[in-house]
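The chain contents come next:
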Amino acid sequence: QQPVQSPQAVILREGEDAVINCSSSKALYSVHWYRQKHGEAPVFLMILLKGGEQKGHEKISASFNEKKQQSSLYLTASQLSYSGTYFCGTEPMGNTPLVFGKGTRLSVIA
Amino acid sequence: KAGVTQTPRYLIKTRGQQVTLSCSPISGHRSVSWYQQTPGQGLQFLFEYFSETQRNKGNFPGRFSGRQFSNSRSEMNVSTLELGDSALYLCASSRDRTNYGYTFGSGTRLTVV
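Owing to the predicted nature of the structure, the values given are computational and were not obtained by experimental measurement.

### Description of the pairing of strand β6 (residues 53-57) of chain B
Residue and element names in this part refer to chain B.
- Sheet analysis places strand β5 (residues 42-50) next to β6, joined by 4 bridges and oriented antiparallel. Within the sheet, the bridge partner assigned to Phe 50 lies in β6 and is Thr 53.
- Here β5 hands over to β6 after 2 residues, with Ser 51 in that stretch at a positive phi of 50°.

What follows is the structure in structure tokens.
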């Protein structure tokens, strides 16, 4: 079942923060996050595993709440380069196909 | 190191025709997955191959098929094309998806007229 992402779209000014949520109705083994810029391939950001810790690199981090089957992606002090569509991909069990949400379009303006 | 290569980048086909798309994964990646991306549905899983065996298949009609060769290159075929098959078809390879995720190719943009 496709996870639900919110919000569908968000516009930020440079330096502002954003949170993107991904919720599933099924128990999850892992949650992946990807970013896709217009006309380009999706790019892997990070994975959160069941029982794992919050992850992050630079100003982008994520958490995974196993009880709620929800993951959140945190973007702090946004930069113009953060613009794109963010997808979460959920995996109910190991080695099962990723099911992606419909994406959150993030636009960062100067 | 070379990324995931998909050919062709663009295709225009007529309804009823068939099409074959190709994907060359990153060297050493034995798993190849295919996704269909449309504005309305987002990324929809088609199939996954590992060491020449189909490991998983999505909910697409039998007109969609695929295969993987011994060098890990993969092809997908769509027969009897319909207008609704117009989409971006993305191939993704991985060596250990649980820890490293997918590396996607740039996709093949298929337009059915």
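### Structural notes on the pattern of salt bridges
- A full pass over the atoms with the stated rule returns 7 salt bridges over all chains.
- Between B:Glu82 and B:Arg63 there is a salt bridge; the shortest N-O distance is 3.6 Å. One end of the pair, B:Glu82, is in the loop between β8 (74-78) and β9 (87-94); the other, B:Arg63, is in the loop between β6 and β7 (64-68), and 19 residues separate them in sequence.
- The network of salt bridges with common partners includes A:Glu91, B:Glu48, B:Arg55 and B:Arg97.

### Points about the side chain of B:Glu48
- Counting through the fold element by element, B:Glu48 comes out in strand β5.
- According to the relative accessible area criterion, B:Glu48 is buried, its value standing at 1%.
- Polar contacts involving the side chain of B:Glu48 include one to the side chain of B:Ser31, which spans 3.2 Å.
- Residues contacting B:Glu48, with those up to four places away along its chain left out, are A:Asn95, B:Ser31, B:Val32, B:Ser33, B:Thr53, B:Gln54, B:Arg55, B:Asn56 and B:Arg97.

### Focus: the sheet that holds β8(B)
Residues and elements named next belong to chain B.
- The antiparallel open sheet is built from 4 strands, whose spatial order is β1-β3-β8-β7. On the outer flanks of this sheet lie β1 (5-7) and β7, each paired with one strand and no other. For this sheet, the mean inter-axis angle between neighbouring strands, taken without regard to orientation, is 15°.

### Examining the interface of chain A and chain B
- The interface is formed by 18 residues belonging to chain A together with 21 residues belonging to chain B.
- When chain A packs against chain B, close to 1600 Å² is buried across both sides, 54% of that on carbon and sulfur atoms.
- Summed over the shared surface of chain A and chain B, the result is 1 salt bridge.
- Two residues, B:Arg97 and A:Glu91, come together in a salt bridge whose shortest N-O distance is 2.7 Å.
- Put simply, chain A and chain B have 7 residue pairs in polar contact (both at pLDDT 80 or more) between them.
- Elements that contribute at least two residues to the side of chain A that touches chain B include exactly β4 (30-36), β5 (43-49) and β9 (84-91) of chain A.
- Each residue belonging to the side of chain A that touches chain B can be placed in one class, and the counts come to 11 nonpolar, 5 polar and 2 charged.

### Observations concerning the state of the cysteines
Residue and element names in this part refer to chain B.
- Summed over all chains, the structure comprises 2 disulfides over all chains.
- Note that Cys 23 is cross-linked by a disulfide to Cys 91, the S-S spacing being 1.8 Å. Disulfide Cys 23-Cys 91: the torsion about the S-S bond is -55°, which places it as left-handed. In this pair, Cys 23 sits in strand β3 (residues 19-24) while Cys 91 sits in strand β9, placing the two residues 68 residues apart along the sequence. For the residue pair Cys 23 and Cys 91, the accessibility class agrees, reading buried in each case.

The rules behind each value
Residues numbered from 1 in each chain as written. Chains lettered and ligands numbered in written order. Predicted model: local features only at pLDDT ≥ 70, side-chain atom pairs only at ≥ 80, totals over all residues. Heavy atoms only, no water. Pairing = 2+ DSSP bridges. Helix = DSSP H or I, 4+ residues; strand = E, 2+ residues; numbered from the N terminus. Salt bridge = Lys/Arg side-chain N within 4 Å of Asp/Glu carboxyl O. Buried < 20%, exposed > 50% of the residue type's maximum accessible area, 1.4 Å probe, protein only. Polar contact = N/O pair within 3.5 Å; in protein donor to acceptor, adjacent residues only side chain to side chain. Contact = heavy atoms within 4.5 Å. Axes fitted to C-alpha atoms, helices over the stretch in contact; angles between N-to-C directions. Buried area = accessible area lost by both parts, 1.4 Å probe. Nonpolar A, V, L, I, M, F, W, Y, C, P; charged D, E, K, R; others polar. Disulfide = S-S within 2.5 Å.

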